[in-house]
Amino acid sequence: MVEWTDAERRYVEAVWSKIDIDVCGPLALQRCLIVYPWTQRYFGGFGDLSTDTAIMGNPKVAKHGVVALTGLRTALDHMDEIKTTYAALSVLHSEKLHVDPDNFRLLCECLTIVVAGKMGKKMSPEMQAAWQKYLSAVTSALGRQYH
Amino acid sequence: MSLSAKQKATVKDFFSKMSTRSDDIGAEALSRLVAVYPQTKSYFAHWKEATPGSAPVRKHGITIMGGVYDAVGKIDDLKGGLLSLSELHAFMLRVDPVNFKLLAHCMLVCMSMIFPEEFTPQVHVAVDKFLAQLALALCEKYR
């Protein structure tokens, strides 16, 4: 189980309080598809992803960004049982969606960069460390049921 | 994943915009590296302290950023231009290459923090590729 100090819990809550899921979700996924274009392989049914402009304007990408970020937020209410919380989602990503788990890390990197852009220096190094720990715990849990 | 001519221009343009804050970004990036990835402190055991924001960390972050700016000027031949730096990292410093990626991520976070409007996805991909190429050039002499 991941151990969290009180400070770390506060830092993670502080970051989430600054995140508008309807804004940051789409921005993070759009950035991931542009910066790491091979991630587009999972979105064949999403329509036009052929240019950056198409990606930024694609409503299915935006909608899915909200879904993914909402999923990432779930851990905030279950910080002491992250593995069990994501067990079913892990099976889904492995058995049905066949997503290479390294992609979770790529999306999280893009999310951190989007959030950093919103928060500026209010995201201190210590806050970034706690945030990164949170994202690493979730991505680890999401990859756990792969076999 | 080499840089297109357009991406090279994007990198040069963004780094030029960034130049007034480059010391701050370098110092912040290294501070964040040791805060977010504490295992990287193992390379700084010879310092009195390696805490985020401390004087040696800030100073060294500025040094590293200076090296990155130098590399922007050599963007058309990173391997050739960074030969002596590569030898330094290979034979003296022996930094595990995985850490270049970690520092690159921290640099991108700082760029996004300080230039949120300018650090668009297009700038992000160009700078990310550049930093990856830079890391490869630094690893050239490793083995």
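Anyway, here's the lowdown on the structure attached to this text. (Residues numbered from 1 in each chain as written. Chains lettered and ligands numbered in written order. Predicted model: local features only at pLDDT ≥ 70, side-chain atom pairs only at ≥ 80, totals over all residues. Heavy atoms only, no water.)

1. With respect to the overall build of chain A
Point 1. The helix and strand tally for chain A stands at eight helices and zero strands.
Point 2. Listed N to C, the secondary structure of chain A is α-α-α-α-α-α-α-α in terms of helices and strands.
Point 3. Relative to a compact globule of 147 residues, whose C-alpha radius of gyration would be 15 Å, chain A shows 15 Å and is just as compact.
Point 4. In terms of overall dimensions, chain A has C-alpha extents of about 45 × 40 × 20 Å along its principal axes.
Point 5. Out of the 147 residues in chain A, the part that is buried amounts to 49%.
Point 6. Carbon and sulfur atoms form 56% of the exposed surface of chain A, whose accessible area is close to 7200 Å². (Helix = DSSP H or I, 4+ residues; strand = E, 2+ residues; numbered from the N terminus. Rg over C-alpha atoms; globule rule 2.2 N^0.38 Å. Buried < 20%, exposed > 50% of the residue type's maximum accessible area, 1.4 Å probe, protein only. Areas by Shrake-Rupley, 256 points an atom, 1.4 Å probe, with all protein chains shown as cover.)

2. Let's talk about the interface of chain A and chain B
Point 1. Across the boundary between the two partners, chain A contributes 22 residues, which contact 25 residues of chain B.
Point 2. For chain A, the biggest contributors to the area lost against chain B are Ile113, Lys121 and Gln128 of chain A; these three give 29% of the whole.
Point 3. Notably, a salt bridge pairs Glu28 of chain B with Lys121 of chain A, separated by 3.6 Å at the nearest N-O pair.
Point 4. Joining chain A to chain B, the criterion identifies eight residue pairs in polar contact (both at pLDDT 80 or more).
Point 5. For the side of chain A that touches chain B, the secondary structure elements donating two or more residues are α2 (21-35), α3 (52-57), α7 (102-119) and α8 (125-143) of chain A.
Point 6. Counting residues per element, the side of chain A that touches chain B draws most heavily on α7 of chain A, which supplies six residues. (Contact = heavy atoms within 4.5 Å. Buried area = accessible area lost by both parts, 1.4 Å probe. Salt bridge = Lys/Arg side-chain N within 4 Å of Asp/Glu carboxyl O. Polar contact = N/O pair within 3.5 Å; in protein donor to acceptor, adjacent residues only side chain to side chain.)

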